Every structure is written in C-alpha cells, then in structure tokens.
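Structural overview
Listed here are the chains, written in short residue letters.
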Amino acid sequence: ESCHSYPSYVEVDGNWKASRAFAVLAFIFAIFVIILDIAPACTNNPNKYSYIRKFEAPLLLLTALFQGLVLLILNSNVCKDNVQVADLGNPDSALKDIEFQDTCSIDRGAKCIISATVFWFAAAIVGIISGKVESDMLNADIDSGLDEPLNP
C-alpha cells in the first residue's frame, strides 16, 4: 500500500499544519547541527572552523523551540472533534469494541517531545557557556604576550 491523503471531511486546521511544520523544522535543524559539529572534526585543522561554534547555540535554541511547538497538535482538530475517531465507535466499524478518548492527553509521545525540548535547550545553554569560556581563553592567550611555545 501507499500513503493516502486525509478524507475530504477531515479539516486540517492551523495548529495541525503548524505542528507538522515545526516537526519538520526541528528535524532539519537537528541534522544541520549534527553535521555542523561533525564536519570540522573531519578536517586536518578543526580549529580553523571554530567560528562555526558561534552559530551552534542559537541553532540549538531554535531546535528546542521548534521541538516544543510540535505540541501544538494537542490543541488541533486531531485532538478535538476528530471525526475519524468518532467514526471508529460506529456499530459498523471493525473497531467498535475499542473505546477511544474524546480528546488527546499527554502520554509517552508528548513526554518524549518535552524531554527532547529540555535536552535541546540544555545543549544550547552548555554551548553558550562553553563559547564564552572559549572566547575568554582566547582573549587571555592574546593578552599574555607569548607568541612562541615554550620548549625546554
């Protein structure tokens, strides 16, 4: 079988569309951040690409934001007034014996999204702190006046 579109009677509202868009953006930004971290390690001189680290923390913050906004789905037609779920309770349905909730609740999937948001945010904070420490160390090296390595 292949993918099918939603039936014509299913209304995809703004929160549903936004949630899907933010899920895609979170995935794209996550892959981009991973590549941004791995790529300099594959070069002969990883320090040459240290300027890339400046972009890492803001990208991680955006990823955390996009990941958290995926939870907009809880306020959409998927979770409220879902016609397809209501149709499953019909006597003609093959799933008539299964009872479905009327609205969505925070369960495993939403808890995973919340934890991912927290981890992306924590990574961004660590990135900000490490960037600040790294720049302070570079400024201290410049101010020390030493240009050559000390060899005995």
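Structure: see above.
Figured I'd write up the structure that's included with this text.

So, how was this worked out
- Residues numbered from 1 in each chain as written.
- Predicted model: local features only at pLDDT ≥ 70, side-chain atom pairs only at ≥ 80, totals over all residues.
- Heavy atoms only, no water.
- Helix = DSSP H or I, 4+ residues; strand = E, 2+ residues; numbered from the N terminus.
- Buried < 20%, exposed > 50% of the residue type's maximum accessible area, 1.4 Å probe, protein only.
- Contact = heavy atoms within 4.5 Å.
- Areas by Shrake-Rupley, 256 points an atom, 1.4 Å probe, with all protein chains shown as cover.
- Phe/Tyr/Trp six-rings, centres within 6.5 Å; stacked < 30°, edge-to-face > 60°.
- Expected span 1.5 Å × (residues − 1).
- Axes fitted to C-alpha atoms, helices over the stretch in contact; angles between N-to-C directions.
- Parallel < 35°, antiparallel > 145°, perpendicular 65-115°, else oblique.
- Left-handed = near helix turned anticlockwise from the far one by under 90°.
- Nonpolar A, V, L, I, M, F, W, Y, C, P; charged D, E, K, R; others polar.
- Core = buried A, V, L, I, M, F, W, Y, C linked by side-chain atoms within 4.5 Å.

A separate point is the overall build of the chain. A tally of regular secondary structure across the chain gives 4 helices and 0 strands. Traced from its N-terminal end to its C-terminal end, the chain shows the element sequence α-α-α-α. Among the 152 residues that make up the chain, the fraction classed as buried is 20%. A sequence separation of at least 24 residues applies to 75% of the contacts in the chain between residues at least 6 apart. Counting only carbon and sulfur atoms, one obtains 62% of the accessible surface of the chain, whose full area is about 11,500 Å².

Time to look at the side chain of Ser 19. Summarising the element assignment, Ser 19 is placed in helix α1 (residues 14-38). Filtering out sequence-adjacent residues up to four positions away, Ser 19 remains in contact with Leu 69, Val 70, Leu 72 and Ile 73.

Our focus in this paragraph is the packing of aromatic side chains. Taken as a whole, this structure holds 2 aromatic pairs when the rule is applied. Ring geometry for Phe 22 and Phe 66: centres 5.8 Å apart, planes at 20°, overall stacked. A residue pair is termed long-range when its members are at least 10 positions apart, and Phe 22 in helix α1 and Phe 66 in helix α2 (residues 53-69) qualify at 44 residues. Comparing Phe 22 with Phe 66, the two get one shared label, buried. Aromatic pair Phe 29 and Phe 66: ring centres 5.1 Å apart, planes at 85°, arrangement edge-to-face. Of this pair, Phe 29 sits in helix α1 while Phe 66 sits in helix α2; the two residues are 37 residues apart in sequence, bridging distant segments of the chain. Judged by relative accessible area, which is 19%, Phe 29 ranks as buried.

So, about α1. When the terminal C-alpha atoms of α1 are compared, their 36 Å separation across 25 residues agrees well with the 36 Å that a helix rising 1.5 Å per residue should span. Among all positions in α1, only Trp 16, Ser 19, Phe 22, Ala 26, Phe 29, Ala 30, Val 33 and Leu 36 are buried.

Running from N to C, α1 and α2 point in directions that differ by 155°, and their axes come no closer than 8 Å. Relative to α2, the element α1 lies roughly antiparallel. Both α1 and α2 take part in a crossing whose hand is left-handed. From α1, Ser 19, Phe 22, Leu 25, Ala 26, Phe 29, Ala 30, Phe 32, Val 33, Leu 36 and Asp 37 reach across to α2, where they touch Arg 53, Glu 56, Leu 59, Leu 60, Leu 62, Thr 63, Phe 66, Gln 67 and Leu 69. Looking at the contact of α1 with α2 residue by residue, the classes come out as 13 nonpolar, 3 polar and 3 charged.

This next bit is on the nonpolar core. Membership of the largest hydrophobic core is limited to 12 residues, which are Phe 22, Ala 26, Phe 29, Val 33, Leu 36, Ile 52, Leu 59, Leu 60, Phe 66, Val 70, Ile 113 and Ala 124. Listed by contribution, the elements that provide at least two residues to this core are α1, α2 and α4 (108-144). Top element by residues in this core is α1. It accounts for 5 residues. Contact partners of Leu 60, with chain neighbours within four places excluded, come to Val 33, Trp 120, Ala 123 and Ala 124.

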